[in-house]
Structures are given as C-alpha cells and as structure tokens.
Amino acid sequence: MRQGVLLLLSLAVACTLAAVLSAKIKDEAQAWDWIEEYDVKAQEFYYASSLAAWNYNTNLTDHNQNLMIQASLAAAAFDKEASLNASRFDDNAFTNTTLKRLFSKIKDIGTAAMRDPDKLERLSKVNADMENIYSTGKVMIDGKEHSLDPELTKLLASSRNYTKLLIAWVGWRNATGKKMKNLYEEFVTLSNEAISDNGYPDTGDYWRSWYESQTFIQDLEELYKQLSPLYQNLHIYVRRKLKEVYGADKFPSSGHIPAHLLGNMWAQQWNNLLDIMQPYDKESVDVTDAMVEQGYDALRMFNVSEEFFTSLGLIPMPQKFWDHSMLEKPTDGREVVCHASAWDFYNQQDFRIKQCTVVTMDQLITVHHEMGHVEYYLQYKHLPTPFRRGANPGFHEAVGDVLALSVSTPKHLKEIGLLDNVTEDEESDINFLLSMALEKIAFLPFGYLMDQWRWSVFSGATPSASYNQKWWELRCKYQGVSPPIQRTEDDFDPGAKFHIPGNTPYIRYFVSFVIQFQFHKALCEEAGQGSVPLHECDIYRSKEAGNKLAQVLSLGSSKPWPDAMEMMTGSRKMNAQPLMDYFQPLTDWLKAENEKAGDKKGWDEKCPDLTRASSTSVSVSTAILLGCLLVIRMTDSEVRMECPWVILFLGLCTLISADSSLIEDEAQAERYAEEYNVLAEVATNENVLASWAYNTDLTPENEQAQVAASLKFSQFQKAASVNASKFDSANFQNQTLKRLFNKIRDVGTSALQDEQKQEQLAQSLARMEGIYSQATVNISGDVMHLEPGLTRLMATSREYDELLNAWKGWRDASGKKMRKTYEEFVSLSNEAIKANGFVDTGAWWKSWYESDEFEKDVEGLWQKVLPFYTSLHQYVRRELKKTYSPENFPTTGHIPAHLLGNMWAQDWTNILSMVEPYDLQSVDVTDEMKKKNYTPLKMFQTAEGFFTSLGLMPMTAEFWNNSMIERPDDGRQVVCHASAWDFFNGSDFRIKMCTDVTMQDLVTVHHEMGHIQYYMQYSDQPMPFREGANPGFHEAIGDVLALSVSTPTHLQQIGLLQNATEDEEYYTNYLMSMALDKIAFLPFGYLIDQWRWSVFKGETTASNYNDKWWQLRCKYQGISPPVQRTENDFDPGAKYHIPANTPYIRYFVSTIIQFQFHKALCAKANQTGPLYKCDIYMSQQAGDLLSDVLRMGSSEPWQDAMQVFTGQTKMDAQPMLDYFEPLIMWLKERNAEAGDQGGWDDSCPGYGRAGFLSASTTLIYSLPFITIWYMCRV
C-alpha cells in the first residue's frame, strides 16, 4: 500500500505549491498533463488488481484470495490518493466538459473512500469470503456432489421431478446463502460506511448515481408498469402448462408458481421450459440438440459468436483473448467461480472471458452476451481510464444481447446450419416469440426487484432481522413466484444468487432488457430492415449497423448516457415500446389463449401462507425437516447429531394437534400426506444410496455408512408413523387416503423403540450380508466366489466329488459363519415387529397379502401342482442315475442336493442336457449367445427391446449410467446376487448383477428389468403405494415376459435359434426346459418361508435350525444333503435371501400367477394357440393391459389388480397346468413305461431325531476315506 502512495507523489508535485498558497489549479493544460500521468499509473494498478482477481476466480485458494485482497487494497489506495490530488484542481471552472467529466469520475471512488484502512481490508475479505462460499457450494443428490455449474444448472433445466428439483433448490440455498447471512450483514455496514466517506448516504444511492438522473427510480417504475401486463399474461400461460405437468395440487391458491419449477435456480428466466411451453408441434427453436449433433464445443461457440461481431465490421477478439480466457470448467481439480463474466485488464491488450461453458443454445446466447462486453472494452480502450465503462451499466449489458436478438432468429439459425427448415407462418412466429419471451419477459420482474431489495437493505428500511422476509415479499409481489417450502430468517435466499455475494449491482440487467430492443430497432433500420417485423430482423453482415454500434461503443462513458442513446436511437430516454412492438403478436396470442382457457387470474401480492395456520400445520416442520435432511448430507457428524430426523419430525406432533383428539379433517390429512411424500422420497433415497454403495463396494466404511443410513431411515419412519397416528384415518371417507395412512403407520422393524437395539439389528443384517457376499471356496487351488465361479461350476460340472466340494465348501464359508448372528437377528426382528403390532416377523410378512386365508391358499396351490412336480422329480432322478450311478442315490427316493445344477437345487435348468427327452437342437441357446458375441450389455439391451416393443417404458439414462451389470474387475468385493433398485426420485433405477452370458441369465435380466418397469410405471404414485400389488406381483412381471422370450418362436425371431423343427418332440424338449425352471422351483419357493415363519413363531428354536431346514427340504423337494449335516451347520444361511432378510414366498406366488398373467396377456394379444407357444412380443394391446396394472402399484388391494389383469380375484394354478399339459401327459407315460417307483419319503434318508446319518449311509460316504487310509498304511 505504501508503494501505491509513493507512485502518486509525482502526480502531486504540481499541486504542492498551489496547496501551500491555498488556491486550486484552474489551468486546463496542466490538468490534461495530470490526467495523462494519472492514466498511465491507473492502468498499472488496475491491471495488477484485475490479474490478482482473475487468478483467484480461476483458482480459489486462500493464497490467491490473500493476493487478490492486497492488490485490491493497493488499487483502493491509489484511487484515494488520485481523488485527493484531483480535488486540488478547480474542475468546476473548467470550460472543457470532457475534462470536467474526467475529474468528476476520478474523484468518485466508491468504497475506496473508506478512511479506516483496516475496515477497508475487512470489507475486501468479507466480499472474498462470500464469493468463496458461493463458488464452492455443493449439494449432495443421488450420492453425488453437485456444483452449481454445470450439474445443478443442468438438473434445474432438464428435470421434471418435483422432489428432485425441491432438493436441489433447498440444497443450494443451504449450501450458499444460509452460510453467508452474517457476513452479508457485516458487508452492508462496512460498505455503507465506506460510501458515506465518498459523500453518499448509502451504497444504493451511490449505485443509482451512475445513471445520472434524478428521476431514475420513477423512470424504472414507469417502465415496469408498461411491461407488467405482458408478463402477467405470460405468467398465467406458464402456470397453466406447469399444472399439467406437476398437478394443480402443487400450486398455491394465491396464484403463485413454486419457484423451483421454472427451469432455473432463481426462476429468473424460463427458457428451459420451452419443451413444455411450446404451443405448436414444429421444429424447436431451441437448437441445443443440433449443436450437440454437429459436435459443437466451447471453442466453436466462441468462434461462432466472434464471427457475428466481425461480420458487422467490429473488432475481432485479440490473440491474448484466446490464449488466456477460461472457456470451460477446468478438469484439473481447481475450484473456480463459474459464473460467466468478461474482464478488462486495463492495458489495452488483455481482455478475457471466464465461463464454464456447456453446449446449449442458452449458453450460446450467454457467449454473445459476454463477448459483447469484450467488444465494448475493445471499442473504448483508447479512452482515458475513467471513461472505459459503458454509457451506463445497462448499456454494457445490452451490447451482446442486442446481437443475440439477431442470432436467435430462425432465419439466422438456419443460415449458420443449426435449423434445417424455417416455416414462415403464424404458428412458427408464436413458437419463436414464446421462446424469446421465456428468456426476456420472464426476466423483467426479477431484474427489477433484486436491487429494490438491496436499496432497501442499504437504506436501512430492511434490517437484517427481516432480510429473507423482504426478499420473498418482493418476489411474490413482482414475479408471482413463491417459495416451495416455508422460509425463515435462518435462511438467506438472496445470497444464493451470485450478484449478492459478488456485490454486482443488478438493475443494469433490467435496463439492458429494455434498451436492447431500442438498440435492435435502430440497428435494424440502419441495416435496411426497418419494414421487417422486429422479431424477424437479423443484422448479420450489415456493416452499416456495425458502424453505428461502433460509434456508440467507442464513446465509453465519455458522454452522459442520454447522448449515447440519442446517437443510437434518436431518443434520449429509455422506452419500452420497441420491446412491446417486438412481442405484440405474442401478446395478442397469450390474451386469446388465456381467455379461451378461462384463466385470467394473476396472483396475490402477498406470499401464500405455507404454515396453513390452523389446528394442523405441517409445512413449517416439513421445511425444517427437509433442511435437516440436507444438513445431514452436507455437514460433519457433530452437526448431524444436532439435527436428528426423529426430533424434528416428532415436532410435527405438537403442531398437528394441541390436544389429544384425533384430526378428522381429510383435507388436512391430504396436505400431510403430500408433504410426507416429499420427505419420504428424500429419506428413502438417502437410505437406498447408502445400501447401494455398500452392496457395490463391501468395505467397513460403507458398512458403517449403510448402518447409519438405515438407522436414520428408521427414525424417519417411526416419526412419520407417530404423526400419521394423530389422524382419525379409520373413519376417513376417502378409501385411498385411509389406505395411505395405514401404510405410513406400518413401519416394520423401524417401530423398535430402543435405538441401541435398532442399531444392533441393522448391524446384524449388514454383517450377515457381508459374510455371504465375501465368501469364497478353494476348488483345486482356484479360489471362487459364488458368482460367477461357483455358480458356473454347479451348472456345468458333472464330477460328483467336485460338485460335493463346492456344495459343502459354500455352506462352510457362508451359512456356518452367520448362525449366531441370525439367532440374534430373529430375536431383535421379532421385538421390533411386536412394537409394530404383530405377533412376530412372519405374521407381519404375511399381512402384506391382505388375506386371512393366505397360508391356506398357498397350501392349496402347492397341493394342486404337487402331482406334476412328483412326476418331474421321478423322471429327473431316473435320468441323473444314468450319469452318477444309482448307488449315489438314497433308497428313500431323494435326489442328492448337489446334483441338480444349482447351489440350492432351486431350479434345474442347468441339467437340461442330461434330462432332455429327445436328441434335437437344444432349446438352451447359451452356446448361440456366445457365438454371436453377446455381452451383458447386449443382454440388457435385448431385454429392454422386448419391453419397449409392448409400448412400455425404456430404461432411463441413469439406469444405463449407474447400474452394475457385470462383476467389477477393480478388486471391489460386491454383492453379486441379482437385484433391481428403486432410488425413489423418479429417474434413478438400477440393476446390480454379475451377469454371465447364459440363457438362464438372459431370463434373469428380463426378471430384474420387470422390477424396473414396475418401478417406473408406479413412480407417480404416493410413496406408500410404490410397491407391487403384492410382493408376488413384483416378481412376476419380468418372468411373464420371459415366458414369451423363451419360446422357440421368439428365439428364432431374435436370431438365437435357427432351423428348429417345431414338432411334438421339439416342444416336449422345450416344455421340459421350462419345467426345470418353473416347476422344479415351486417346493423350494414354498418351503423357505415355511421355515422362517416357524423360526419367527418360535416353533423352531435355534437348537434345531438346520434339522428343521432339512426336514422341509426332504419333505417338499424330495432332495437330501449329500453329506452329514448337524446343528453346527446353518445351511439356510447359504441362500442369499436369509442373510439379506428378503421374504421368499413371493417367488412361489410369482411362479403361479405369472401363468395367469401370461394367459391374460396372450388373450389380449389375440394369440389363440397353446399357452406355451404364445409370444406377446410387439403387442401394444398386451402392453397396455400390463401398464394399467403396473401403474396401480399397491394403491388398491392385490385382488383388485388381479381382477383388472385376469378377470378373477384369486390366485390359480390352472393356467400353469394348462401351459404344461403336454409335458404332464408325456411324463406320466414315460414314468409308467420305466416302471420305477415315484415319490420319496417325507423324512430325510438315515436321519434320526438327532439329525445324524445312518450307519449304512455313513459307510457309503466314508469308503473313499477308508481306502485312502488303507493305501497310506500299505
């Protein structure tokens, strides 16, 4: 700073004697000499200050911030000394008005006038800190940190998910404005003090002085009133269209639009809504897609912009511009200020733009805007430094925009190859004008109110205690937008807009948006297009227009802005009429459309009361809770502990009811349900994200995070249940609302009151899942995971002992290690479920089927298919004996469990080659898939193609980006068990699967994608209804399509089966392959939860877990353990669904009802042949029926969904038996011919009460070891 003062000593030499004589210098020649010397020094200081600011803005480090502050202080010291020295001259006596104007500007130094240097330094630091908070703000969404640019900006522009937009909107304000409120209050005090030292009453008054008009405020108000009717008509139209997208219930009755729905973080411009708003179905005037298709990048966008300027004969960008500008967000990890800005380095050579450019039309316009600033800099660079500014700040903002008015015309876009066809008719004009209005007209009230707020703050009319209240008063009054959730004085929403922490005056933009149309009209006339409607004018390549523009720009601020305005337009005033003329066709059209819709209401001046003050008031707590949810994402553990969900959400109870009486008002209940839905989406999304992270990367850290997320989610559910209980839902007339509340109250294990036990429960599940997923078996030196290694071995090996080693090894590595944990889990789960009002966990699971007869119904279904399964078992056992020899099979009729091609003998498709009836081309197309180079991706694309052929929804972009469809090769341990995931945000759905290229996995892909289709179809339902009609429905959807996919007809159609002879023998083979999948599974699907229900009920104690398991398997499946099993083992835990605690009866139900569904869909597709030949591929009619059922979710009892689907309300095994009728008859005949005895004993072979193998069986299994012992002795 001392150097700054010393540099000015030479400027003061001529003044010293005059000061001594107490006389001011009147010599204008001397004054010009002083100006010349001042200008040299000013350029040096301003260059140094600008360079330091640039370095900080493009690399946000503490070091760079400190350098910027010091350079800023040096420049301020220079300004102060220059002002002092300029005051030695008697500039009032100067006759040269330019010289007088120069001295006036040099003396007007803004905050640099601050007398206290420490306070001036603090002011600089506060400004820098606020800008840093803004520029480094992040919001966690879907497990990823989102910066404002480009992630949040893109999300606000493209998402139509109400909740995700709300999370982004609130999250950004929490991450920025909320953190700087105290700093801003300090800034206001310091800035006002500095400005008062400069002779102004407050900072707002200083800013307004730049417009050199005593009537500036009144002039602005008149302009706004003139433009208000056009804005109001646009607002009415946009609001109506948005209601069609989001539902009228999301909009307050006050007429306001929720601020997060307008395609922009600040609702300042609405052009990102064009896809919703465009009235006529013509080629879009938003050419973003064309830009992307043509390979536009940031550099090309800037080249296109420069070419427009040079086509007018204006100055091209200098080489240093291209060398030093930051045109894209850096990829080297630097934090930068992404907000687009143009920079003059005051050395007449260096001009730059800083922009994190994204390839969109909106950004192309921004590029022209910023380059307009640079063109202005270039045009006035010859002027003395004080004149290197716009005629007024609005002029500077208007230059690039006035050219963009030409650039945006369909005619111009076609000329530069971004539009193929330009149809010149009224509808095309309205489309274009509406796109422009969404940018220009929508902005006007925001541009007007920003500084209305700041002027009020600076003047003291708005104290810090009501910053946010005043902000929303203005936004509700002028913009007709309202906050989507309650805002308080703990928030500081103005700070979420760059220009507040950046301390950039904003009224310039309002001025700019008015005068750019005045400029446009004048330049169009200069270009000889005065007779063309203003909205069609394109001044591209008009040197005449360029010359006029250059003349005005080259003035800088050397003349009062009315002189520059007069030079450009012939008028000395700002005038909104050219803007009104430009949009007149749209104005007329909007009025007519709104009248036609009977929609003429504007909005109330006051914001809607989001507290809904009455006996019920949930929005306040909703706001607090949502804020807390976001805090939980962003802050450290200490802050998290201060904001637990349960405390905040339980606060609803106080607000909901002041006494003990239940709330009967269903309208209030609906409001509660709406807000619960928003919060539930956030809470569930966070929980699922943590679970996904653990399942796809099994680390202790991720396990801990999953447990923590699970506990938070349990707290949320518990609190929601308590609040729902405050309503008298039992007496609601609205049955859907009653059903909603019943589901909200039913929180499962989250009902556990003891938080320590809740944590133990979550940890036990995570621990078991970790054991299962990380288990490996050493097979002949090859360490194998379950998938794909052991699964592939069990499917393909025909070596008895190798299969035995894998079978036993897997159970030793998984189930055996989790037995005690499972015992602990059962106890905790039951305790939790009892707190939820059920006798045990099994009873809770069964309640999902909404039938007192469920167990009886399931038993009846099993008895109906048992004869078919018995015949299949008899045939398969006989065929297996041909491979493994009869002595390996017990005399009880059981099949050893390791010989059926699957680790759990749950389906037998992998032994098809051993049991296929006829030696024909195989219906297992695995080999053909490999020949055709199928990959997991191709398998998923094939499955998607089937769904979309029915008119069902394609997978989302997030699905393809985020799914894990192969086992990672980066060393991560993962849960390979195939599963589908709903992240409850309307767009993020994923599958996790270690896919192997086999036909069986192709069927599994369809199964999992069926879940995804269900998720997508019911994603618009309230959260409690986002589940299958019953759990079996969810499992059946993909499988019912797989019944078509598996048909020979379909496999031939997609090129996986060639030259198949479709005769009786062939279809017997095909039906056998299907039976090995579907029928073989039934007893396994039935018995797993028979075992768990018995365990949960207490009938099966921990001391006989394994004995009961094998009793059921031997009885129902007719399979037996190949080696001795004891209570040291825990074989149920070797099946994923046990440690993962996934109920299993759903799969039995699914296997039955998928044939009911198949029959109904085949009928809809007009397929009249046998069910097993039906392929519904490409049937839109079948797809429509399926979609109708899926969209229901669980909003109705499953019996109603079944009625819609099949015309009956019960589960029925007959369609399955009809499907397999030819095979049933064939098996009966073959088994009769073979003459072997069918069936098996209910008891396991050789098992006594203690569960040990008999001596004879033990001898059989001991023979290999006796032989080895004997050989060793020899």
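Residues numbered from 1 in each chain as written. Predicted model: local features only at pLDDT ≥ 70, side-chain atom pairs only at ≥ 80, totals over all residues. Heavy atoms only, no water.

Novice: Would you mind going over a negative patch on the surface in detail, with residue names and values included?
Specialist: Together, E283, D286, D289, E293 and D420 make up a negatively charged patch on the protein surface. Structurally, D289 is set in helix α13 (residues 288-293). Here D289 falls in the exposed class, since its relative accessible area comes to 57%. (Patch = residues over 30% accessible without salt bridge, like charges linked within 9 Å, V, L, I, M, F, W, Y side chains within 5 Å. Areas by Shrake-Rupley, 256 points an atom, 1.4 Å probe, with all protein chains shown as cover. Salt bridge = Lys/Arg side-chain N within 4 Å of Asp/Glu carboxyl O. Lys, Arg positive; Asp, Glu negative; His and termini not counted. Charge placed at Lys NZ, Arg CZ, Asp CG, Glu CD. Helix = DSSP H or I, 4+ residues; strand = E, 2+ residues; numbered from the N terminus. Buried < 20%, exposed > 50% of the residue type's maximum accessible area, 1.4 Å probe, protein only.)

Novice: Could you give me a rundown of helix α22 (residues 507-526), with the residues and numbers involved?
Specialist: For α22, which comprises 20 residues, the first-to-last C-alpha distance of 28 Å matches the rise-based estimate of 28 Å (1.5 Å per residue) to within 8%. Its maximal kink placed at F513, α22 deviates by approximately 30 degrees. (Expected span 1.5 Å × (residues − 1). Bend = angle between axes of the 7 residues up to and from the residue.)

Novice: Could you give an account of the packing of helix α11 (residues 216-246) against helix α19 (residues 426-440), with specific residues and numbers?
Specialist: Contact pair α11 / α19: the axes reach a minimum separation of 11 Å and the direction vectors enclose 105 degrees. In terms of axis orientation, α11 runs roughly perpendicular to α19. Touching L234, Y237 and V238 of α11 are L434, A437 and L438, all from α19. Here the residues of the contact of α11 with α19 sort into six nonpolar, no polar and no charged. (Axes fitted to C-alpha atoms, helices over the stretch in contact; angles between N-to-C directions. Parallel < 35°, antiparallel > 145°, perpendicular 65-115°, else oblique. Contact = heavy atoms within 4.5 Å. Nonpolar A, V, L, I, M, F, W, Y, C, P; charged D, E, K, R; others polar.)

Novice: Go over the nonpolar core, please, and point to the residues and values.
Specialist: With 207 residues, the main nonpolar core has Y184, L234, V238, L242, W270, F395 and F583 as its most contacted residues. Dropping the residues within four chain positions of it, Y184 is found in contact with M130, W453, R454, V457, F458, Y467, F492 and I500. Counting residues in each nonpolar core, the second largest holds 169 residues, with I779, W810, L1043 and V1149 among its members. (Core = buried A, V, L, I, M, F, W, Y, C linked by side-chain atoms within 4.5 Å.)

Novice: So, empty space enclosed by the protein: which residues are in play, and what are the values?
Specialist: By the definition in use, this model includes six cavities of 30 Å³ or more. As a volume, the largest cavity reaches approximately 130 Å³. What lines the largest cavity is a set of 14 residues, and nearest its centre among them are Y134, S135, L148, V336 and C338. Within this model, the second largest cavity holds a volume of roughly 90 Å³. (1 Å grid on protein atoms, 1.4 Å probe; cavity = no way out; pocket = protein on both sides within 12 Å on 5 of 7 lines; lining within 4 Å. Points joined across faces, edges and corners; volume = space filled by probe spheres on them.)

Novice: Just give me the short version of the environment of V399, but keep the residues and values in it.
Specialist: By the secondary structure assignment, V399 is in helix α17 (residues 393-407). Assessed through its relative accessible area of 2%, V399 is described here as buried. Expressed as a C-alpha distance, the spacing of V399 and R454, which sit 55 residues apart in the sequence, is 25 Å. Excluding residues within four positions of it along the chain, V399 makes contact with G372, Y376 and L553.

Novice: Report on the pairing of strand β4 (residues 341-344), specifying residues and quantitative values.
Specialist: What you see with β4 is no split at all: S341 and W343 on one side and A342 and D344 on the other are buried throughout. Bridge analysis of β4 against strand β5 (residues 351-354) gives four bridges, and the strand direction is antiparallel. Bridging across to β5, S341 finds its partner in K354. Between β4 and β5, which pair antiparallel and follow one another directly, the connecting turn spans six residues, one of which, Y346, has a positive phi of 60 degrees. (Pairing = 2+ DSSP bridges.)

Novice: Quick rundown of the confidence of the model for the protein? Include the residues and the values.
Specialist: Any residue range with low pLDDT should be treated as having predicted coordinates unsuitable for detailed reading. Per-residue confidence for the protein gives a mean pLDDT of 87, with 92% of residues at or over 70. Every residue in residues 1-21 is under pLDDT 50, and counting partners more than four places away or in other chains gives 25 contacts. Contacts of residues 612-659 to residues separated by more than four positions or lying in other chains number 102 contacts, the stretch itself having pLDDT below 50. (pLDDT = per-residue confidence, 0-100.)

Novice: Break down helix α53 (residues 1221-1234) for me, with residues and values.
Specialist: For α53, built from 14 residues, the straight-helix expectation of 20 Å at 1.5 Å per residue is met to within 8% by its first-to-last C-alpha distance of 20 Å. When we look at burial in α53, the residues that qualify are L1223, I1224, W1226, L1227 and N1231. Buried residues of α53, seen end-on, are gathered within an arc of 165 degrees and therefore sit on one face of the element. When the buried face of α53 is taken as reference, the exposed residues oriented beyond 90 degrees from it are K1228, A1232 and E1233. The inward-facing, buried residues of α53 contact α38 (854-884), α46 (1064-1078) and α52 (1214-1219). Remark: G1235 follows α53 within two positions and exhibits a positive phi of approximately 70 degrees. (Arc of directions from axis to C-beta.)

Novice: Residues and numbers for the state of the cysteines, please.
Specialist: As enumerated under the stated definition, the model contains six disulfides in all. Here C976 pairs with C994 through a disulfide, and the sulfurs are 1.8 Å apart. The sign of the S-S torsion, about -80 degrees, decides the handedness of the disulfide formed by C976 and C994: left-handed. Separated by 18 residues along the polypeptide, C976 in the loop between α42 (957-962) and β10 (979-982) and C994 in the loop between β11 (989-992) and α43 (999-1017) bring together distant segments of the chain. Owing to a relative accessible area of 8%, C976 belongs among the buried residues under this scheme. The exposure class assigned to C994 is buried, which follows from its relative accessible area of 4%. Between the sulfur atoms of C1162 and its disulfide partner C1174 the distance amounts to 2.0 Å. Disulfide C1162 to C1174: torsion about the S-S bond roughly -110 degrees, handedness left-handed. On the criterion of sequence distance, the pair formed by C1162 in helix α49 (residues 1145-1164) and C1174 in the loop between α49 and α50 (1180-1192) is long-range, its members being 12 residues apart. (Disulfide = S-S within 2.5 Å.)

Novice: Provide a residue-level description of the packing of aromatic side chains, including the pertinent values.
Specialist: Evaluated as defined, the whole model comprises 110 aromatic pairs. A centroid spacing of 5.8 Å and a plane angle of 85 degrees characterise the contact between Y869 and W1240, whose relative ring orientation is edge-to-face. Of this pair, Y869 sits in helix α38 while W1240 sits in the loop between α53 and α54 (1255-1273), and the two are 371 residues apart along the sequence. Between R352 and the ring centre of F345, over which it is positioned, the NZ or CZ distance is 4.1 Å. A cation over an aromatic ring shows up here: R811 above the ring of W807, its NZ or CZ 4.0 Å from the ring centre. (Phe/Tyr/Trp six-rings, centres within 6.5 Å; stacked < 30°, edge-to-face > 60°. Lys NZ or Arg CZ within 6 Å of the ring centre and 35° of its normal.)

Novice: Please set out the side chain of S1195 residue by residue, giving values where relevant.
Specialist: Within the secondary structure, S1195 sits in the loop between α50 and α51 (1198-1206). Given a relative accessible area of 11%, S1195 falls into the buried group. Looking at S1195, its side chain comes within polar contact range of the main-chain oxygen of M1192, at 2.7 Å. (Polar contact = N/O pair within 3.5 Å; in protein donor to acceptor, adjacent residues only side chain to side chain.)

Novice: Tell me what's going on with the side chain of H1006, and back it up with residues and numbers.
Specialist: Within the secondary structure layout, H1006 lies in helix α43. Not counting the four nearest positions on each side in its chain, H1006 is found in contact with T942, A943, F946, F947, G1038, A1042 and V1045.

Novice: Outline the pairing of β11, supporting the account with residue identities and numerical values.
Specialist: A two-sided burial pattern is seen for β11, the buried positions comprising F989 and I991 on one face and R990 and K992 on the other. Two elements, β10 and β11, share four bridges in a ladder whose sense is antiparallel. Residue pairing for β11: S979 is matched across the bridge by K992. Counted along the chain from β10 to the antiparallel partner β11, the turn is six residues long, and its residue F984 has a positive phi close to 60 degrees.

Novice: Any details on the packing of α50 against α51? Residues and values, ideally.
Specialist: Contact geometry for α50 and α51: axes closest at 9 Å, N-to-C directions at 170 degrees. In terms of orientation, α50 lies roughly antiparallel with respect to α51. Contacts between α50 and α51 involve L1185, L1186, V1189 and M1192 from the first element and D1200, A1201, V1204 and F1205 from the second.

Novice: Go over unusual backbone geometry, please, and point to the residues and values.
Specialist: Trans peptide bonds make up most of the peptide bonds, and negative phi angles are found at most residues other than glycine. For the bond running from D149 to P150, omega is 5 degrees, close enough to zero to count as cis. Along the polypeptide, P150 turns up in helix α7 (residues 148-158). Between E787 and P788 the backbone carries a cis peptide bond, its omega angle lying at 0 degrees. Relative to the elements of secondary structure, P788 occurs in helix α34 (residues 786-796).

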